[in-house]
Amino acid sequence: MDFILIQFLTGLANASALFLIASGLTVIFGVTRIVNFAHGSFYMLGAYLTWTITRALWDWSGREPALFIAGILLAALAVGAIGALIEIVLLRRIYRAPELFQLLATFGVVLMIQDIALAVWGPEDLPLPRPPWLRRFVEIAGSRFPQYDLILIFVGPAVLALLWFLFQRTRFGVLVRAATQDREMVAALGVDQRVLFTGVFFLGSTLAGLGGAIVLPSQSAFLQMDLAIIAEAFVVVVVGGLGSVPGAFLAALLIAQVQAFGIVLVPKATLVLVFLVMAIVLMIRPYGLLGRPQAHARAATGAVEPVIRPAPAILGWAGAAALLVAAAAPFFAGPYMVTVLVELAVFVLFAASLHFMMGPGGIVSFGHAAYFGLGAYGAALGLRYLAVPMEAGIVLAPLLAGAFGLVFGWFAVRLSGVYLAMLTLAFAQIVWAAAFQWVEFTGGDNGILGVWPSEWAREKGAYLWLALALCIGATLLLRRIIYAPFGYALRATRDSELRAEAIGLNAVRIRLGAFVIAALGAGLAGGVYAYAKGSVFPTYISIPKSIDALLMVLLGGVQTVSGPVVGALAFHTLFLTVLQAFTWWRFILGFAIVLLVLAFPQGIAGFVRQRWERARGLEAA
Amino acid sequence: MLSVRQLNAFYGRAHILRDVALEVARGEVLVLLGRNGAGKSTTMKAIMGLVRPAPGSSVSFAGTEIAGSPPYAIARLGLGYVPEDRRIFTDLTVMENLEVGRQKPRDGLDPWTPQRLFAIFPNLAAMKDRPGGRMSGGEQQMLTIARTLMGNPRLVLLDEPSEGLAPVIVQQMAEAIRAVKAAGLTVVLSEQNLHFAERVADRAAIIEKGIVRWTGTLDALRAEPAIKAQYLSV
Ligand SMILES: Nc1ncnc2c1ncn2[C@@H]1O[C@H](COP(=O)(O)OP(=O)(O)OP(=O)(O)O)[C@@H](O)[C@H]1O
Ligand SMILES: [Mg+2]
């Protein structure tokens, strides 16, 4: 009994920080309709700034609790100011851009802040040196319970009460609630939205900063905090209902309790448990506990999509020629070049598989790396536990990915837009956490080594041929499916679900089919990659890897069949040749993404198409 | 007060308004008449900045050029807008809806307060704390006008205020518009209902396919059955 009470209290304490972060995210989303990836970065900055500011205050005059509280508040406000600045400089310009680009832009900010934090605070974890009053315990039911955690339990409800007052009793709050429903009408009534949006961003970022600040005494500040928390925050926001602060509170309580008890009951699978809870909630209430259907659902990639155009014949010939040159590479190029070509083949398939669901299907996944990683781990785990040879491992890889694709896709394809993006990302995070946490089974951070191909394919040239045959073959197969009846049906469901249903298509089943096919493709790519590298690591499943896939597809253009191929080649070459040479490549990549979105808010493909049409005089006079 | 010249507007590539011109004098009630899809709502949205006026358009309000300005800036100059689909904030109470509309008092005009508005719209007084989503269509229509008046506009654009209302409510609406006029405001309203227009308006402009076909007083319009037959569905 006592143990249950203690776990329950621990859950309540953890719920507070989770609620602060999720409420900030949900408030920002409610008004601006932007899903702010950088919210996790604000949380991380909150922890780091608290570390710096509190220590400075303590050095200046004694280690008083009051100074600690002042440090927390100052750090939170500083984070709020940073958030407001980012809103003014960046987000304000892209409120009308498609959701996908907004998400990418905020991810660019994530990358930039990661490198800034590394430059300022260094790579080490930074614990706050705790004075005695921060280390004190209280006796509860015969057990020792940290006094600080006891205080934290009240922070969540207190902030909920403050937010309630702000939203119900102040003009700012009334305007925010009105804008959540109908921004344009609020503007037509004379309210300057820019001030409102910046204010909301300040508020949301402050909450995230405060969340990071209050966890510092029990954790350290560290560089992976941002992406670790953002997936959890997404889960809480989705479970609570997008835009609902009380929903976020309930969901934070629920998820934190699941985690608190899960850690005791199934210590290696807390995230799986969290996922199950989320799945159950979404099955019963598709829009979360207190959420409502979104009024203006938009296609994630922009306006009505044109028909996907087949590549011009010349591009086909160029591709065939490039393939021949690549296949001949072992005869004239060095081993490094051959290795690079194998990777290129892998990434072409990886990008093509994401494109398959994004382009014709309109299903934008923010967690496609999950299936890539599942493929890689499928091959590696098969070898480790079942001693399957490469020939079987290559088959196992896509099958494992496809099986998970079927399960995750079952939930994902029922949703669209932001919910879909958040859910796919959360799924990927779960797979990542399993690979990372379940050390006995997956080797955790050390990965699995010694995943080598069979004897006949061990020579680099032979493996290149195998990789080309599998990856390019699968890519061509995907292309065939786009122009097969299934592809047409898929596009019909993308353009109008209702109309597709009216002509007898089962939209959900078709979308699920696309999801599974894409997972199969990514899984095969992952399997080929695993044998090429001889090892697998959790980084194969990380969020940045998913974003890489998105960038490849976007670079090439979503609505062209050759797009992902061109995009993968361009991205990978760029990455290998240019970015890796720089120490601060994350900052550079993030900055490039932000600039790209600012320069082409409709996407590069959209921009090119517009230019093309204008050049041909299609634009109305 | 309001002078619109060569107003052109597009939805995508569709050319909706073609060189619309309107002159509205201080204190008068002008009615835009036209059939469904004639371009009445688009004209109002373009004046308000909710639809971008094409380059070359001119909208001048109380001496200030406002074509191309953002909606909030136009509203702050004293232009009120009541959309045809009402767009009440359904989660907000009546009082909160009014609060969203509130702007600073304007020189030379008696500032609107909820009390003053309740005198014109007595129905609202009884439901101050009711969420907008739980009001009847007529009550919502009253609220949306009251909400706009809270901004102390000099001129209000009223898009089809009588649409879909029961005869009793239409009667109240006509009285309300006369009260607004009596308070010194200028009104531009759009209508398909000629009888309603005749009860409240001084002058009319007839729009068809985005082109202003006729302007004149309502008395003059009464004398031209041919015009009525051609452009209006009487
Ligand atoms: N959002 C839109 N996108 C594209 N076309 C539009 C849009 N809104 C209106 N239109 C078109 O613009 C034209 C003018 O529409 P508008 O709403 O101004 O007409 P109206 O005179 O207000 O009609 P009603 O009396 O039915 O309200 C119509 O042909 C309509 O189809
Ligand atoms: Mg209309």
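Residues numbered from 1 in each chain as written. Chains lettered and ligands numbered in written order. Predicted model: local features only at pLDDT ≥ 70, side-chain atom pairs only at ≥ 80, totals over all residues. Heavy atoms only, no water.

Caption draft 1: Just the overall build of chain A, in detail. Tallying secondary structure elements over chain A gives 26 helices and six strands in all. Expected size for 621 residues packed as a compact globule is a radius of gyration near 25 Å; at 25 Å, chain A falls within 12% of this value. Looking at chain A as a whole, 56% of its 621 residues are labelled buried. Taking all contacts inside chain A whose residues are at least 6 apart in sequence as the whole, residues at least 24 apart take part in 81%. Carbon and sulfur atoms make up 70% of the accessible area of chain A, which totals about 25400 Å². Side chains of chain A give 38 positive and 28 negative charges; the mean places of these two sets differ by 7 Å. (Helix = DSSP H or I, 4+ residues; strand = E, 2+ residues; numbered from the N terminus. Rg over C-alpha atoms; globule rule 2.2 N^0.38 Å. Buried < 20%, exposed > 50% of the residue type's maximum accessible area, 1.4 Å probe, protein only. Contact = heavy atoms within 4.5 Å. Areas by Shrake-Rupley, 256 points an atom, 1.4 Å probe, with all protein chains shown as cover. Lys, Arg positive; Asp, Glu negative; His and termini not counted. Charge placed at Lys NZ, Arg CZ, Asp CG, Glu CD.)

Caption draft 2: Layout of the pattern of salt bridges. Summed over the entire model, instances satisfying the criterion amount to 16 salt bridges over all chains. The closest approach of N and O atoms between Glu99 of chain B and Arg171 of chain A, which form a salt bridge, is 3.0 Å. In this pair, Glu99 of chain B is assigned in helix α3 (residues 94–101) and Arg171 of chain A in helix α7 (residues 171–181), connecting two distinct chains. Of the charged contacts in the structure, one is a salt bridge between Arg203 of chain B and Glu28 of chain B, with a shortest N-O distance of 2.9 Å. Of this pair, Arg203 of chain B sits in strand β9 (residues 203–208) while Glu28 of chain B sits in the loop between β2 (14–24) and β3 (29–33), placing them 175 residues apart in sequence. In this structure Glu28 of chain B comes out as buried when scored by relative accessible area, which is 10%. (Salt bridge = Lys/Arg side-chain N within 4 Å of Asp/Glu carboxyl O.)

Caption draft 3: Representation of unusual backbone geometry within the structure. Positive phi, close to 55°, is recorded for Ala387 of chain A, a residue that is not glycine. Relative to the elements of secondary structure, Ala387 of chain A occurs in the loop between α15 (369–386) and α16 (390–412). Its identity as a non-glycine residue notwithstanding, Glu160 of chain B has a phi of 45°, on the positive side. By relative accessible area, which is 7% here, Glu160 of chain B ends up buried.

Caption draft 4: Representation of the sheet that holds strand β1 (residues 2–11) of chain B in the model. Residue and element names in this part refer to chain B. Strand order in this open sheet of four strands is β2-β1-β4-β5, and the pairing throughout is antiparallel. The open sheet is flanked by β2 and β5 (64–65), the only strands paired with a single partner. Bridge count for β1 against β2 is seven bridges, and the pairing is antiparallel. Looking at β2, one finds that Val4 is bridged to Leu22. Sitting on the sheet, helix α1 (residues 40–48) is in contact with β1, β2 and β4 (58–61), with an inclination near 110° to β1. (Pairing = 2+ DSSP bridges. Axes fitted to C-alpha atoms, helices over the stretch in contact; angles between N-to-C directions.)

Caption draft 5: How the structure looks around the nonpolar core. Residue and element names in this part refer to chain A. Counting residues in each nonpolar core, the largest one holds 251 residues, and the members touching the most others are Phe37 and Phe366. Ranked by residues supplied to this core, first place goes to helix α14 (residues 335–358) with 17 residues. Residues from two domains meet in this core; each of domain 1 (13–223) and domain 2 (337–546) gives at least three. (Core = buried A, V, L, I, M, F, W, Y, C linked by side-chain atoms within 4.5 Å. Domains from an automatic or database assignment.)

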